[in-house]
Amino acid sequence: MNWEELKKQCLVCDRCGLCETRTNVVFGDGVSDAEVLFVGEGPGQHEDEQGLPFVGRSGALLDNYLHAIDLDRRENVFIANIVKCRPPKNRDPLPEERAACLPWLREQFRLLRPKIVVCLGRIAAQQMIRPDFSVTREHGQFFDKDGVLFMGTFHPAALLRNPNNKPVAFEDFAALRDKIHEICDHTYQ
Ligand code: URA
């Protein structure tokens, strides 16, 4: 399956109950040859309305962090979520919703073949790195899994709630920039 076919199928997904309450499936945003994949938790209200990830206040903050290290969703990264449809009232996605949705992310990962995956927040990091991953203790560290580097950092919404963590989050992005220079081929070209 190619990228366009995957997107077409994902946009009409009915694999879990979230399809009944969503407005739009949020497939993701960015370039399909990205070497760096960002993974959030799931769409909120604005994302559900627009069909795009991270377009609310936390999205503006994420874009600022990206731009600070010369990344841009229109140019050199892809942004996806663990679940593609908004959980009602922004509750955490249920285990069965994650399980139903994960094949979409796996297929995105298979087609993109990213060199680096950045997990935004606990839900993404625990799904992608380790079930007991602690963002507070382990943010900014790179974990090699079969030749792909995974890093967890603070969710932008958590940084809006607790701005004290913004400087350390920025250090994570600086470490990401260094790692991209080290191992990526075309992200900064
Ligand atoms: N929070 C997320 O985790 N993902 C989005 O797409 C928006 C907000």
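Below is a short write-up of the structure. Along each chain, residues carry numbers from 1 onward, in the same order as the chain's sequence is written. Where local features are concerned, this predicted model is filtered to residues with pLDDT of at least 70; where side-chain atom pairs are given and counted, the filter is 80 or more; whole-chain, interface and lining totals use all residues. Only hydrogens and water are removed before side-chain values are computed, so all heavy atoms of the structure are retained for them.

## A closer look at the site of the ligand
Here is step 1 of the chain: Here, proximity means that at least one heavy atom of the residue falls within 4 Å of the molecule or strand. Surrounding the ligand, one finds Gly-40, Glu-41, Gly-42, Glu-47, Pro-53, Phe-54, Ser-58, Asn-81 and His-155.
Here is step 2 of the chain: Pairing of N or O atoms within 3.5 Å defines a polar contact, subject to two protein rules: one partner must be a possible hydrogen donor and the other a possible acceptor, and residues neighboring in sequence count only if both atoms are side-chain atoms. One of the backbone N or O atoms of Gly-42 is found 3.1 Å from a nitrogen atom in the ligand.
Here is step 3 of the chain: Between the ligand and Asn-81, the relevant distance is 2.8 Å, taken from a nitrogen atom to a side-chain nitrogen or oxygen of the residue.
Here is step 4 of the chain: Relative to its unbound accessible surface of 230 Å², the ligand loses 92% to contact with the protein.
Here is step 5 of the chain: The rule is simple: put a 1 Å grid over the protein atoms alone, call a set of points where a 1.4 Å probe fits but cannot get out a cavity, call an open set with protein on both sides within 12 Å along at least five of seven lines a pocket, and count a residue as lining if it has an atom within 4 Å of a point. For this analysis, a molecule is said to be in a pocket or cavity if more than half of its atoms are within 2 Å of the grid points defining it. Given that more than half its atoms are within 2 Å of the pocket grid, the ligand belongs to the largest pocket.
Here is step 6 of the chain: Throughout, the ten residues Ala, Val, Leu, Ile, Met, Phe, Trp, Tyr, Cys and Pro are labelled nonpolar, Asp, Glu, Lys and Arg are labelled charged, and all others, Gly among them, are labelled polar. Here the residues of the shell around the ligand are counted per class, giving two nonpolar, five polar and two charged. Surface accessibility in these figures is a Shrake-Rupley result with a 1.4 Å probe; residues are shielded only by whichever protein chains are displayed.

## Concerning the pairing of strand S5 (residues 142–145)
Here is step 1 of the chain: In this description, strands pair whenever DSSP reports at least two bridges between them. Working definition: helices are DSSP H or I runs of at least four residues, strands are E runs of at least two. Numbering for both runs from the N terminus. In this structure, S5 lies alongside strand S6 (residues 148–153), joined through four bridges in antiparallel fashion. Across the sheet, the residue bridging to Lys-145 is Val-148, located in S6.
Here is step 2 of the chain: The antiparallel hairpin formed by S5 and S6 contains two residues in its connecting segment, where Asp-146 sits at a positive phi of about 50°.

## Topic: the pairing of strand S4 (residues 116–120)
Remember that side chains alternate between the two faces of the sheet whenever the strand is regular.
Here is step 1 of the chain: Counting buried positions along S4 gives five out of five residues, so the element sits mostly inside the fold.
Here is step 2 of the chain: Each residue's exposure class comes from its accessible area (1.4 Å probe, protein chains only) as a fraction of the maximum for that residue type: buried when under 20%, exposed when over 50%, partly exposed otherwise. Judged by which residues are buried, S4 turns out to be covered on both faces: Ile-116, Val-118 and Leu-120 on one side and Val-117 and Cys-119 on the other are all buried.
Here is step 3 of the chain: Relative to S4, strand S2 (residues 36–40) is paired through four bridges, and the arrangement is parallel. Note that in S4 the partner of Leu-37 across the bridge is Val-117.
Here is step 4 of the chain: Note: S4 against S6, five bridges, orientation parallel. Each bridged residue has a counterpart across the sheet, and for Cys-119 the counterpart in S6 is Gly-152.

## Here we look at the packing of aromatic side chains
Here is step 1 of the chain: Two rings from Phe, Tyr or Trp (for Trp, the six-membered ring) form a pair when their centres sit within 6.5 Å of each other. Planes less than 30 degrees apart are called stacked, planes more than 60 degrees apart edge-to-face, and all others tilted. The tally for this structure, following the rule as stated, stands at eight aromatic pairs.
Here is step 2 of the chain: Consider the rings of Phe-27 and Phe-78, whose centres lie 6.2 Å apart with planes at 75°: the pair is edge-to-face. Residue Phe-27 is located in the loop between helix H1 (3–10) and strand S1 (29–30), and its partner Phe-78 is located in strand S3 (residues 78–81); the two are separated by 51 residues in the primary sequence.
Here is step 3 of the chain: Judged by its relative accessible area of 3%, Phe-27 is buried.
Here is step 4 of the chain: Given the relative accessible area of 2%, Phe-78 is considered buried.
Here is step 5 of the chain: Seen from their ring centres, Phe-109 and Phe-150 are 6.3 Å apart, and the 25° between their planes marks the pair as stacked. With a gap of 41 residues between them, Phe-109 in helix H4 (residues 95–112) and Phe-150 in strand S6 connect regions that are remote in the sequence.
Here is step 6 of the chain: The ring of Phe-142 carries the charged tip of Lys-179 above its face, separated from the ring centre by 5.2 Å. Sitting over a ring, as applied to charges here, requires NZ of Lys or CZ of Arg to be within 6 Å of the ring centre and within 35 degrees of the ring normal.

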